[in-house]
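Report on the structure
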Amino acid sequence: MLERPRAPWPYDLLPKVGEFTVVSDDVRDGEMLAEPHTFAGGNTSPHLSWSGHPDATRSFAVTCFDPDAPTASGWWHWVVLNIPATVTELATGAGNPDGSGVPEGAVSLRNDMGTSGYGGAAPPEGDYPHRYLFAVHAVDTERLDVDESASCAMAGFNLAFHTLARAVVAPVYRH
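Below is a short write-up of the structure. Note that the structure is a prediction, hence the values are computed from the model and not measured.

1. Notes on the pattern of salt bridges
Inspection of every chain in the model, using the stated rule, returns two salt bridges. Here D68 and R131 are joined by a salt bridge, their closest N and O atoms 2.7 Å apart. One end of the pair, D68, is in the loop between β4 (59-66) and β5 (75-84); the other, R131, is in strand β8 (residues 130-131), with 63 residues separating them in the sequence. Because the salt bridges share partners, they merge into one network encompassing R6, D68 and R131.

Below you can see the structure in the form of structure tokens.
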């Protein structure tokens, strides 16, 4: 495997926003992802629960991004937009491919694996541990003008201008 530097924390490159709290029954900062949350182990999205977001929040977005993927653009594992502001939790497995696990009205985008829903961790064999940034974005509008045909990068672009605050939990994984 080629030596390469670890990518910067991607949210440092975006406009500064507030913070709130996200917790999970399944993943924790700096700890290894369990096999069910990997590509080979079942592609099961982890439980996420959040609190302390700004009162002005009108919706949420949930994303999972690997900034350490050996590409110039990282790797999007999961993007769900337009989650109603009354929803503050996604159950384990909510990122299933048919979209039935996300709240009504939410939009799941195609991940960088080319499928809808959550795509589990799959770093190259022997690479250093990759960070998987499960982020909940508190959004200032009920709906982002992005439909399921949009790229994850387009969603990220829109979130850069509509995120009031962000909560991140960042487990790691390596083969």
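From this point on, the discussion continues.
2. With respect to the nonpolar core
Among the nonpolar cores identified, the biggest contains 27 residues, and F20, L48, W50, V62, W78, I83 and F134 are the most heavily contacted of them. Broken down by secondary-structure element, the contributors of at least two residues to this core are β3 (48-51), β4, β5, β9 (133-139) and β10 (163-169). If near-sequence neighbours (up to four positions away) are discounted, W50 is found in contact with F20, T21, V22, F60, V62, V87, T88, E89, L90 and V136.

3. Focus on a nonpolar patch on the surface
On the surface, a nonpolar cluster with roughly 350 Å² of combined accessible area is contributed by M154, F157 and F161. Mapped onto the elements, F157 comes out in helix α1 (residues 152-162). The class for F157 is exposed, based on a relative accessible area of 51%.

Parameters and conventions
- Residues numbered from 1 in each chain as written.
- Predicted model: local features only at pLDDT ≥ 70, side-chain atom pairs only at ≥ 80, totals over all residues.
- Heavy atoms only, no water.
- Salt bridge = Lys/Arg side-chain N within 4 Å of Asp/Glu carboxyl O.
- Helix = DSSP H or I, 4+ residues; strand = E, 2+ residues; numbered from the N terminus.
- Core = buried A, V, L, I, M, F, W, Y, C linked by side-chain atoms within 4.5 Å.
- Buried < 20%, exposed > 50% of the residue type's maximum accessible area, 1.4 Å probe, protein only.
- Contact = heavy atoms within 4.5 Å.
- Patch = residues over 30% accessible without salt bridge, like charges linked within 9 Å, V, L, I, M, F, W, Y side chains within 5 Å.
- Areas by Shrake-Rupley, 256 points an atom, 1.4 Å probe, with all protein chains shown as cover.

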